[in-house]
Amino acid sequence: MNDHPAGKAAPTRPDPAGFIKANMRLAAVAALPEIQIFSAHPGSGLRRLVDPDDEDAAAPEPQPPYWAYAWAGGTVLARYILDRPQTVAGRRVLDLGAGSGLVGIAAAKAGARAVIAAEIDRNGIVALGLNAAANGVAITVIGEDVTAGPPPAVDLVLAGDVFYGHEVARRVIPFFDRCLAAGIEVLVGDPRRTDLPLTRLKLLAEYKVPDFGDAKGTASSPSGVFSFETVRSSP
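Residues numbered from 1 in each chain as written. Predicted model: local features only at pLDDT ≥ 70, side-chain atom pairs only at ≥ 80, totals over all residues. Heavy atoms only, no water.

Asker: Can you walk me through the side chain of Arg193 in this structure?
Answerer: Along the chain, the position of Arg193 falls in the loop between β7 (185-190) and β8 (201-207). Here the side chain of Arg193 touches Asp211 through a polar contact of 3.0 Å, side chain to side chain. Apart from residues no more than four positions distant in its own chain, Arg193 is found in contact with Trp71, Asp161, Phe163, Tyr164 and Asp211. (Helix = DSSP H or I, 4+ residues; strand = E, 2+ residues; numbered from the N terminus. Polar contact = N/O pair within 3.5 Å; in protein donor to acceptor, adjacent residues only side chain to side chain. Contact = heavy atoms within 4.5 Å.)

As structure tokens, this is what we get:
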């Protein structure tokens, strides 16, 4: 059955790699001059990549994809790693919910033995590969939700901006507990969003960095880097 009006061809989805390189800017990240990523801007026309079936050009831009922007949690984690390369040096690292790959790129630059990035957005996977190549690092991508199963064979999990909603937090916390049980360290970067489980976190550092949506790219409050801790048993 043809759902498109007579005489009109079905919209075609642009090639993600070609679209990203042609319409997004490869630029240094605020607070991270060592790293460049392909980032969205007002003229990038992301609707054509994200929702090619929507022909209403006057409609509001859809919710921006995570991978197209640098967010505060990932930025502070990347800054922390670059400032303290011993955090990742010689270790196998998982960048969970990698988005642009910003955190994984920082880990690779800081001397990680291997970096795995878990990202489920198909356009994000392409952007991640382009960003890694632009920064001269190698990252292995897993294009599925790894939180449903056992942790991969890594020494450290880096999780920036993963507590953006209640349902996501409910999936991530048990996964982190499985990581701790397997002897895997977990570091979290977050600007203290509502669902951040502060009772399970130990603050390691704070940085004032912009988050997506901050006016004029300036940070309104510090974002934190935390270690995820085991539940303390009652005395």
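Asker: Explanation requested: the layout of surface pockets in the structure shown.
Answerer: It is the rolling of a water-molecule-sized probe over the atoms that shows where space remains empty. Each pocket or cavity is described by its volume, and for the largest pocket that value is around 470 Å³. Residue lining of the largest pocket: 21 residues in total, with Gly97, Glu119, Ile120, Tyr164 and Val168 positioned closest to the centre. Of all the elements, helix α6 (residues 166-181) adds the most residues to the lining of the largest pocket, at 3 residues. Class assignment of the residues belonging to the lining of the largest pocket gives a composition of 11 nonpolar, 3 polar and 7 charged. (1 Å grid on protein atoms, 1.4 Å probe; cavity = no way out; pocket = protein on both sides within 12 Å on 5 of 7 lines; lining within 4 Å. Points joined across faces, edges and corners; volume = space filled by probe spheres on them. Nonpolar A, V, L, I, M, F, W, Y, C, P; charged D, E, K, R; others polar.)

Asker: Explain helix α4 (residues 102-109) here, please?
Answerer: Owing to its 3.6 residues per turn, the α-helix brings residues three or four apart onto one side. With 7 of its 8 residues buried, α4 lies for the most part within the structure. Among the residues of α4, those classed as buried are Leu102, Val103, Gly104, Ile105, Ala106, Ala107 and Ala108. Following α4 by one or two positions, Gly111 has its phi on the positive side, about 105 degrees. (Buried < 20%, exposed > 50% of the residue type's maximum accessible area, 1.4 Å probe, protein only.)

Asker: Help me understand the sheet that holds strand β9 (residues 223-228), please; the structure alone is not making it clear to me.
Answerer: As a general point, the strands of a sheet are linked pairwise by backbone hydrogen bonds and lie either parallel or antiparallel. What the 7 strands build is an open sheet, ordered β5-β4-β3-β6-β7-β9-β8; its pairing is mixed. Of all the strands in the sheet, the pair left with one neighbour each is β5 (140-142) and β8. Across the sheet, the mean angle separating the axes of adjacent strands is 20 degrees when strand polarity is ignored. When strand β4 (residues 114-118) meets β5, the two strands line up parallel, connected through 3 bridges. When the sheet's bridge partners are listed, Ala118 is paired in β5 with Ile142. Sheet strands in contact with helix α3 (residues 72-83) are β6 (156-160), β7, β8 and β9, and its direction is about 125 degrees off that of β7. (Pairing = 2+ DSSP bridges. Axes fitted to C-alpha atoms, helices over the stretch in contact; angles between N-to-C directions.)

Asker: Just to check I follow, could you spell out the packing of aromatic side chains for this structure?
Answerer: Where two aromatic rings form a pair, the distance of their centres and the angle of their planes describe that pair. Within the structure shown, the criterion is met by 4 aromatic pairs. Both rings, one in Phe175 and one in Phe176, keep their centres 6.2 Å apart while their planes meet at 45 degrees; by these two values the pair is tilted. Centre to centre, the rings of Phe176 and Phe228 are 5.2 Å apart; their planes meet at 65 degrees, and the pair counts as edge-to-face. Here Phe176 is found in helix α6, whereas its partner Phe228 is found in strand β9, with 52 residues between them in sequence. The two residues Phe176 and Phe228 agree in class, both being buried. Among the aromatic residues, ring-to-ring pairing joins Phe163, Phe175, Phe176 and Phe228 into one connected group. (Phe/Tyr/Trp six-rings, centres within 6.5 Å; stacked < 30°, edge-to-face > 60°.)

Asker: Teacher, can you tell me more about empty space enclosed by the protein here?
Answerer: For the coordinates displayed, the defined rule picks out 1 cavity of 30 Å³ or more. Each pocket or cavity is described by its volume, and for the largest cavity that value is around 100 Å³. Around the largest cavity sit 15 residues that line it, and Tyr66, Gly74, Ala98, Ser100 and Leu102 are the ones nearest its centre. Those elements that provide at least two residues to the lining of the largest cavity are α3, β3 (92-96) and α4.

Asker: Can you help me understand the environment of Ala132 in this one?
Answerer: Tracing the chain through its elements places Ala132 in helix α5 (residues 122-134). Under the relative-accessibility criterion, Ala132 is labelled buried at 5%. Considered as a pair, Ala132 and Gln36 are 96 residues apart in the sequence and their alpha carbons are 9.1 Å apart. Setting aside residues no more than four positions away along its own chain, Ala132 makes contact with Ile105, Val137 and Ile139.

Asker: Explanation requested: helix α1 (residues 16-23) in the structure shown.
Answerer: Listed as buried for α1 are Phe19, Ile20 and Asn23. What you see down the axis of α1 is that its buried residues fit within an arc of 95 degrees, all on one side. Of the residues in α1, the exposed ones pointing more than 90 degrees away from the buried face are Lys21 and Ala22. (Arc of directions from axis to C-beta.)

Distances and angles like these do not, on their own, reveal function.
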